[in-house]
Amino acid sequence: MKKRLVEIHRAMVVMMVMAIASALLVSCGDDDEINYDNLNYYAVSFGVEGGSSPDLVDEMNLIKNTFYKELGIKEGESSFMLKGAVDKCDSRVLSCCRAAEVQLVGRLWSQRYVFVVNRLVTENGVNKEVLVFTFDTATK
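Note that the structure is predicted; figures quoted are calculated from it, not measured. (Residues numbered from 1 in each chain as written. Predicted model: local features only at pLDDT ≥ 70, side-chain atom pairs only at ≥ 80, totals over all residues. Heavy atoms only, no water.)

(A) View of the packing of aromatic side chains. Here the structure, examined in full by the defined rule, presents 8 aromatic pairs. Here the aromatic rings of F46 and Y113 are separated by 6.2 Å at their centres, their planes lie at 10°, and the arrangement is stacked. Taken as a pair, F46 in strand β1 (residues 39-49) and Y113 in strand β3 (residues 112-120) lie far apart in primary sequence, 67 residues in all. Here the two residues F46 and Y113 agree in accessibility, since each one is buried. Between W109 and Y113 the ring centres are 6.0 Å apart and the planes differ by 75°, which places this aromatic pair in the edge-to-face class. For the pair formed by W109 and Y113, the shared burial category is buried. The ring centre of W109 lies 5.0 Å from the NZ or CZ of R107, which sits over that ring. (Phe/Tyr/Trp six-rings, centres within 6.5 Å; stacked < 30°, edge-to-face > 60°. Helix = DSSP H or I, 4+ residues; strand = E, 2+ residues; numbered from the N terminus. Buried < 20%, exposed > 50% of the residue type's maximum accessible area, 1.4 Å probe, protein only. Lys NZ or Arg CZ within 6 Å of the ring centre and 35° of its normal.)

Below, the structure written as structure tokens:
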């Protein structure tokens, strides 16, 4: 089981690195070729804090799949793009994530799970944390 947790952790780290690399590649592109106006790039990260449990993988998949479905993220991806004004896109992300949260409320979790959405490369050149959802053993 410990080996499986290490594999899961490695996979999550690889996904986060790929999302950041994708954002950097896009930001380094030739702006004359593609119109980047009103394109907002988002990356999600998901982690578990604490030990392990028999329900760990099932719970992680439930949370991840629920958020991914609401955000329209395809399996195997960890980032997405929305077109429009920043505030409207951020509001849409928040709305989708709140819909996912509603589906997950009322469960008792065996671990503490954290789901984060960041808007990549904001107007001032830094990533902005749009939201953080935490599910833990006390969440009902």
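(B) Spotlight on the nonpolar core. Within the largest apolar cluster, 26 residues are counted, with the highest numbers of intra-cluster contacts made by F67, L71, F80, V93, F115 and V117. Residue assignment for this core shows that the elements contributing at least two residues are β1, α2 (56-71), β2 (79-83), α3 (86-104), β3 and β4 (128-135). Leave out the neighbours within four places in its chain, and F115 touches V44, S45, F46, F67, Y68, L71, L131, V132 and F133. (Core = buried A, V, L, I, M, F, W, Y, C linked by side-chain atoms within 4.5 Å. Contact = heavy atoms within 4.5 Å.)

(C) Structural context of α3. Helix length check: α3 (19 residues) gives 27 Å between terminal C-alpha atoms against 27 Å at 1.5 Å per residue, within 8%. When we look at burial in α3, the residues that qualify are C89, D90, V93, C96, C97, A100 and L104. The buried residues of α3 all sit within an arc of 125° when viewed along its axis, so they share a single face. Pointing more than 90 degrees away from the buried face of α3 are the exposed residues D87, K88, R92 and V102. The elements touched by buried residues of α3 are β1, α2, β2, β3 and β4. Where α3 terminates, the next one or two residues include G106, which has phi positive at roughly 100°. (Expected span 1.5 Å × (residues − 1). Arc of directions from axis to C-beta.)

(D) Region of the structure containing the packing of α2 against α3. For the pair α2 and α3, the least separation of the axes is 8 Å and the interaxial angle reads 140°. For the pair α2 and α3, the crossing hand works out as right-handed. Residue-level contacts link L62, I63, T66, F67, E70 and L71 of α2 to V93, C96, C97, A99, A100, E101, Q103 and L104 of α3. Here the contact of α2 with α3 is built from residues that sort into 10 nonpolar, 2 polar and 2 charged. (Axes fitted to C-alpha atoms, helices over the stretch in contact; angles between N-to-C directions. Left-handed = near helix turned anticlockwise from the far one by under 90°. Nonpolar A, V, L, I, M, F, W, Y, C, P; charged D, E, K, R; others polar.)

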